[in-house]
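# Observations on the three-dimensional arrangement
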Amino acid sequence: IGIVMKISQRLDMISNLVGFQVCWVACVAYGQPWAGLAVAGLLIWHSFVADKQEWPLIFLFAAIGIALDNLSYRLGYISFTEHDAVLIPTWLMLLWVAFATTLRHSLATLMRYPRVIIPLAMVAAPWSYFMGQHLGVINITGTGYLLIGLGWGCLLGLFSWYFFMPRESKKNDIVDSDTTQQTRL
């Protein structure tokens, strides 16, 4: 049973990683309607592997990420080709939702270590946006790259620390009076 569980976890992790990459390409390279279809497919798959407690985490993370990008957009640090609406494009909002599905799956191991996930996020996130700029769907200022790195580092670091780091069990805080007396003797 143990080996079946490990294989299942690895398949889950790989499926999530591949699913997110498909979503990234669909969102960034092709936009609507491919973004919607790809993310819908990922969420359908995700509904089979996620527990009920994971969905609020996904939507909280996505909402904060969307708010961060909207702030950068409204301040003029990022802009989008053929897009001048009040909010960031739908494909980028969907990409935030897709990325949030990786937190407890393909990124689960890294999320337990803030000292690893923070610098990784500060480098990988601007790189991802740089690729979007290279594809011509987003324009980013130098300050925008700095804000993206800091924002992602803080967001993933906060989520890592609050939701993923192992915590001491409350049972360890309960003192057994018999043990304490024996120790004193």
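Just so you know, these numbers come straight off a predicted model, no measurement behind them.

## Brief notes about helix H2 (residues 34-49)
Helix length check: H2 (16 residues) gives 23 Å between terminal C-alpha atoms against 22 Å at 1.5 Å per residue, within 8%. When H2 is considered as a whole, its buried residues turn out to be Ala35, Ala38, Val39, Leu42 and His46. Burial along H2 is one-sided: seen end-on, the buried residues are contained in an arc of 90°. Away from the buried face of H2 by more than 90 degrees, exposed residues Leu37, Ile44 and Phe48 are located.

## Quick look at the layout of surface pockets
Here the largest pocket defines a volume of roughly 560 Å³. Taken together, 26 residues make up the lining of the largest pocket; nearest its centre are Phe20, Phe99, Ala124, Ser128 and Trp152. Put simply, the parts of the chain that give the lining of the largest pocket at least two residues each are helix H1 (2-30), helix H4 (90-100), helix H6 (114-134) and helix H7 (142-164). Broken down by element, the residue count for the lining of the largest pocket peaks at 10 residues, all from H6. Tallied by class, residues from the lining of the largest pocket come to 21 nonpolar, 5 polar and no charged. Roughly 380 Å³ of internal volume is contained in the second largest pocket. If you trace the second largest pocket, you find 15 residues lining it, with Gln9, Asp12, Arg104, His105 and Ala108 closest to the centre. Among the elements of the structure, H1 and helix H5 (108-111) are those that each provide at least two residues to the lining of the second largest pocket. When grouped by side-chain class, the residues that make up the lining of the second largest pocket number 6 nonpolar, 4 polar and 5 charged.

## Brief notes about the packing of aromatic side chains
A full pass over the atoms with the stated rule returns 13 aromatic pairs. Ring centres 5.0 Å apart and planes at 90° place the aromatic pair Phe61 and Phe159 in the edge-to-face group. Residue Phe61 is found in helix H3 (residues 54-74), and its partner Phe159 is found in helix H7; the two are separated by 98 residues along the sequence. Taken individually, Phe61 and Phe159 each receive the classification buried, so the pair is uniform in this respect. Relative to Trp91, the ring of Phe80 lies with its centre 6.1 Å away and its plane at 85°, an arrangement referred to as edge-to-face. Of this pair, Phe80 sits in strand E1 (residues 78-80) while Trp91 sits in helix H4; the two residues are 11 residues apart in sequence, bridging distant segments of the chain. The burial state of Phe80 is the same as that of Trp91; both residues are buried. Among the aromatic residues, those joined into a cluster by ring pairs are Phe20, Phe61, Trp96, Phe99, Trp152, Phe159, Trp161, Tyr162 and Phe163.

## With respect to the state of the cysteines
Throughout this description, disulfide means a covalent bond between two cysteine sulfur atoms. Throughout the structure, instances matching the rule amount to 0 disulfides. Here Cys23 is not disulfide-linked; the sulfur of Cys27 is the nearest cysteine sulfur, at 5.8 Å. Under the relative-accessibility criterion, Cys23 is labelled buried at 0%.

## Description of the side chain of Asn70
Secondary-structure assignment places Asn70 in helix H3. Not counting chain neighbours up to four residues away, the residues in contact with Asn70 comprise Val86, Leu87 and Ile88.

## Observations concerning the side chain of Thr102
Along the chain, Thr102 turns up in the loop between H4 and H5. With sequence-adjacent residues up to four places away left out, Thr102 is seen in contact with Asn16, Phe20, Leu107 and Ala108.

## Here's the deal with the pattern of salt bridges
By the definition in use, this model includes 1 salt bridge. A salt bridge links Arg104 to Asp51; its shortest N-O distance comes to 3.3 Å. Of the two residues, Arg104 is situated in the loop between H4 and H5 and Asp51 in the loop between H2 and H3; the sequence distance between them amounts to 53 residues. You can call Asp51 partly exposed: its relative accessible area is 32%.

Calculation criteria
As a convention, each chain's residues are numbered from 1 in the sequence order in which they are written. In keeping with the model being predicted, local features are shown solely for residues with a pLDDT of at least 70 and side-chain atom pairs are shown and tallied solely at 80 or more, while totals for entire chains, interfaces and linings include all residues. Note that the side-chain values use all heavy atoms of the structure and ignore hydrogens as well as water. We count a stretch as a helix when DSSP gives it H or I for four or more residues in a row; a strand needs E for two or more, and each element gets its number in order from the N terminus. What a helix should span is 1.5 Å times the count of its residues minus one. Buried means the residue's accessible area, taken with a 1.4 Å probe over protein chains only, is under 20% of the maximum for its type, while exposed means over 50%, and partly exposed covers the values in between. The directions considered for the arc are those from the helix axis to the C-beta atoms. Computed over the protein atoms alone on a 1 Å grid, cavities are sets of points where a 1.4 Å probe fits but cannot get out and pockets are open sets with protein on both sides within 12 Å along at least five of seven lines; a residue lines them when it has an atom within 4 Å of a point. Grid points are joined across faces, edges and corners, and a volume is the space filled by probe spheres set on the points. All amino acids are sorted into three groups, where Ala, Val, Leu, Ile, Met, Phe, Trp, Tyr, Cys and Pro are nonpolar, Asp, Glu, Lys and Arg are charged, and the leftover types, Gly among them, are polar. Any two of the Phe, Tyr and Trp rings considered here, Trp counted by its six-membered ring, make a pair once their centres fall within 6.5 Å; the pair's planes then place it as stacked at under 30 degrees, edge-to-face at over 60, or tilted in between. Throughout, a disulfide means two cysteine sulfur atoms within 2.5 Å of one another. Residue contacts are counted whenever heavy atoms from the two residues lie within 4.5 Å of one another. In what follows, salt bridge is the name for a side-chain nitrogen of Lys or Arg lying within 4 Å of a carboxyl oxygen of Asp or Glu.

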